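Summary of the model geometry
Residue strings, one per chain:
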Amino acid sequence: MSRFSVENIRNFSIIAHVDHGKSTLADRLLELTGTIDKTKNNKQVLDKLQVERERGITVKAQTASLFYNWEGKQYLLNLIDTPGHVDFSYEVSRSLSACQGVLLVVDANEGIQAQTVANFFLAFEAQLSVIPVINKIDLKNADPERVEKQIEKVFDIPSDECIKISAKLGTNVERVLQAVIERIPPPKVHRKNPLRALVFDSTFDQYRGVIANVALFDGVVSKGDKIVSAHTKKIHEVNEVGVLNPNEQPAHKLYAGQVGYLIAGMKDVTEAQIGDTLYLHKQPVEPLPGFKSAKPMVFAGMYPIDQSEYNNLKSAIEKLTINDSSVTVHRDSSLALGAGWRLGFLGLLHMEVFNQRLEQEYNASVILTTPTVPYKAVLSSAKLIKARRAVQKNMIFIDQNRVMLKYLFPLNEIVVDFYDSLKSLSSGYASFDYEDAGYQTAELVKMDILLNGNIVEELVTIVHKDKAHSVGKAVCERLKDSLPRQLFEIAIQAAIGSKIIARETVKAYRKNVLAKCYGGDITRKMKLLKRQAEGKKKLRKVGNIEVPRDAFIKVLKTQSDK
Ligand SMILES: Nc1nc2c(ncn2[C@@H]2O[C@H](COP(=O)(O)OP(=O)(O)OP(=O)(O)O)[C@@H](O)[C@H]2O)c(=O)[nH]1
């Protein structure tokens, strides 16, 4: 790695709206630089996770070091592929901290979309060079000239700076590499200074522990060095350093300006903080600014299906959060579901992907309960807070056919199905992005669910006053369908304070498990009675009513559907 002087290094990222072609462009860049062989099968090479390949989306930023000869010089181009979906924008902003420039990919047919704008501003605020790339010019409906005008109008980038390509066919992709060299500056670093390395990402390997992705701002690091984490102050010996090409390729040393990986026997989440600065033992440095921690937007309870799986699930969640530090984890417990956690995610897709990764990468199966959003409650005698509907903030015309609208919304109104409704109302044309605008007051009420007068703690929820009646009714109906009949009548009620807003009744009945056993075989009877007793363990008693675990899960799901 010593061959590459700082002048011959470029660190860049590809950013875009979802599906505009980042991963396809990354595949072509990898082929052009001989990093991977050119075959028809190179599809989303950097999307290594099973969930990414199944869903065809990038959820995790990936790094690849490309070697490229141009005008007689050899360059080291470090590419960081980033996710497009809004739920993963935290990955994008972290990746940008290791870069000096970005390729902003825009679909020649769809033009500028919500995440194009959001990602552009992330790069702009980080003062990175932006190279606009108009992709998919091979499409029949492509209109690169219109997109060029949009880019000029919205981002103030002269249209002659746009590179028009087809990542699919490889058209003009070589020009993109040349623009990276010409328009993105080399990193501003000092190799003679003591080591200062930023941990911008990390993954967990079962055998080798934490693999930290690092960007070197100063100095050199080699195998055998003793390094210190500015965060924990713990000393670690470096076992391996190298570059991602795109798979790990060990090297003797990494130099300032380069991006690579480092393994130093860190075994634990707390030892591998993303945003941490690493320095050489006895040569302390001023730590780099690091990252703002991600702000969870959607919360869900997570429990093992069987409590005996608690410890395995705990370790799986810990390992996965090393790789996805935007998930927040707090211990929680529920009378119905046992010990578990309350996890915070950046959005619903993020929650689904995390759940799928737990299953696929760690073989864990879990119960997820209703996602909720955080509220701050002000308890007054009336217990009530003023409502606020969506408020329009501004409107910008991107071109004759497109308009960008900004609204202030209650988060609760958008987390569940807003995006889907928007897509179907606009026949797929509208796109959507959001950012947290802080807490606002609203008329929210706490809704209790009661069984024969006893509150079921697991089902207490916060709902908007206007929706309380419909949510309460739906929960009571769902509970009625899922509660087994018992020896006595059960009143199911939804209540706000002392006011009952919905009610259903389950008639009395006794389930005789021996009903179908006529005479004879005592062992069979015993078996059925034993099974009934085991079944009872999975029940939760509310007063004298037995509620099966399934019933909770079904009702919790209704709450999120409403
Ligand atoms: N016709 C055409 N299709 C393209 C081109 N580039 C990408 N695509 C297609 O567009 C779709 C999305 O491409 P991806 O590269 O996966 O998009 P992405 O931006 O990486 O998507 P995320 O990782 O989910 O954000 C795929 O079906 C590609 O085959 C192109 O130049 N022309």
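Residues numbered from 1 in each chain as written. Predicted model: local features only at pLDDT ≥ 70, side-chain atom pairs only at ≥ 80, totals over all residues. Heavy atoms only, no water.

Our working rule: UniProt positions are given in the numbering used here, feature names are shortened, and annotations may be inferred rather than shown by experiment.
The name that an unreviewed UniProt entry assigns to the chain is Tr-type G domain-containing protein, with the source organism given as Felis catus. In its Subcellular location (unreviewed entry) section, the UniProt entry covering the chain states "Mitochondrion inner membrane". UniProt, in the comment section headed Function (unreviewed entry), describes the chain in these words: "Promotes mitochondrial protein synthesis. May act as a fidelity factor of the translation reaction, by catalyzing a one-codon backward translocation of tRNAs on improperly translocated ribosomes. Binds to mitochondrial ribosomes in a GTP-dependent manner."

**Quick word on the nonpolar core**
Rule in force here: Residue types Ala, Val, Leu, Ile, Met, Phe, Trp, Tyr and Cys, when buried and joined through side-chain atoms within 4.5 Å, form a set referred to as a nonpolar core. Working definition: with a 1.4 Å probe on protein chains only, accessible area under 20% of the residue-type maximum means buried, over 50% means exposed, and in between means partly exposed. Runs of H or I in DSSP of at least four residues are treated as helices and runs of E of at least two as strands, each being numbered from the N terminus. Every residue pair with non-hydrogen atoms within 4.5 Å of one another is taken to be in contact.
One finds Phe12, Ile14, Leu25, Leu29, Leu77, Leu103 and Ile165 to be the most contacted residues of the largest nonpolar core, which totals 29 residues. Counting residues per element, the ones that place at least two in this core are strand E1 (9-16), helix H1 (22-32), strand E2 (62-70), strand E3 (73-81), strand E4 (101-107), strand E5 (129-135) and helix H6 (173-183). The biggest single contributor to this core is H6, with six residues. Every residue in contact with Ile14, bar those within four places of it in the chain, is listed here: Lys22, Leu25, Ala26, Leu29, Leu79, Ile80, Thr82, Leu103 and Val105. Listed in part, the 27 residues of the second largest apolar core include Ala142, Val147, Leu198 and Val259.

**Describing the packing of H1 against H6**
This is how the line gets drawn: Throughout, an axis means a line fitted to C-alpha atoms (over the contacting stretch in the case of helices), and angles, computed between N-to-C directions, take values from 0 to 180 degrees. Under this scheme an angle from 65 to 115 degrees is roughly perpendicular, one under 35 degrees roughly parallel, and one over 145 degrees roughly antiparallel; angles in between are oblique. When residues are grouped by polarity, Ala, Val, Leu, Ile, Met, Phe, Trp, Tyr, Cys and Pro land in nonpolar, Asp, Glu, Lys and Arg in charged, and all others, Gly among them, in polar.
Packing of H1 against H6 leaves a shortest axis separation of 10 Å and a crossing angle of 80 degrees. By the angle between their axes, H1 is roughly perpendicular relative to H6. Contacts between H1 and H6 involve Leu25, Arg28, Leu29 and Leu32 on the former and, on the latter, Val173, Glu174 and Leu177. In terms of residue class, the contact of H1 with H6 is made up of five nonpolar, no polar and two charged.

**What to know about the sheet that holds strand E16 (residues 277-280)**
This is how it is decided: Strands were regarded as paired on the criterion that DSSP finds at least two bridges between them.
The strand order across the open sheet built from eight strands is E11-E10-E16-E7-E8-E15-E12-E13, with neighbouring strands paired in antiparallel fashion. The sheet is open, and its two borders are formed by strand E11 (235-237) and strand E13 (248-251), each paired with just one other strand. For this sheet, the mean inter-axis angle between neighbouring strands, taken without regard to orientation, is 40 degrees. Where strand E10 (residues 226-229) lies against E11, three bridges are found, and the strand directions are antiparallel. Bridge pairing links Val228 to Ile235 in E11.

**So, the sheet that holds strand E20 (residues 366-368)**
Here we have four strands laid out as an open sheet, ordered E18-E19-E17-E20, and antiparallel in their pairing. At either margin of the open sheet sits one strand with a lone partner, and together these are strand E18 (328-334) and E20. For this sheet the average axis-to-axis angle between neighbouring strands, irrespective of direction, equals 30 degrees. As judged from the three bridges shared by strand E17 (residues 298-304) and E20, these two strands associate in the antiparallel manner. If you follow Pro304 over to E20, its bridge partner there is Val366. Helix H7 (residues 310-323) rests against E17, E18, strand E19 (338-345) and E20 of the sheet, and its axis sits at about 15 degrees to E19.

**Regarding the pattern of salt bridges**
The condition that has to hold: Any carboxyl oxygen of Asp or Glu that lies within 4 Å of a side-chain nitrogen of Lys or Arg is treated as forming a salt bridge with it.
Overall, the coordinates contain 15 salt bridges when judged by the stated rule. A salt bridge links Glu148 to Lys164; the shortest N-O distance between them is 2.9 Å. Residue Glu148 is found in helix H5 (residues 144-155), and its partner Lys164 is found in strand E6 (residues 163-164); the two are separated by 16 residues along the sequence. In this structure Glu148 comes out as buried when scored by relative accessible area, which is 14%.

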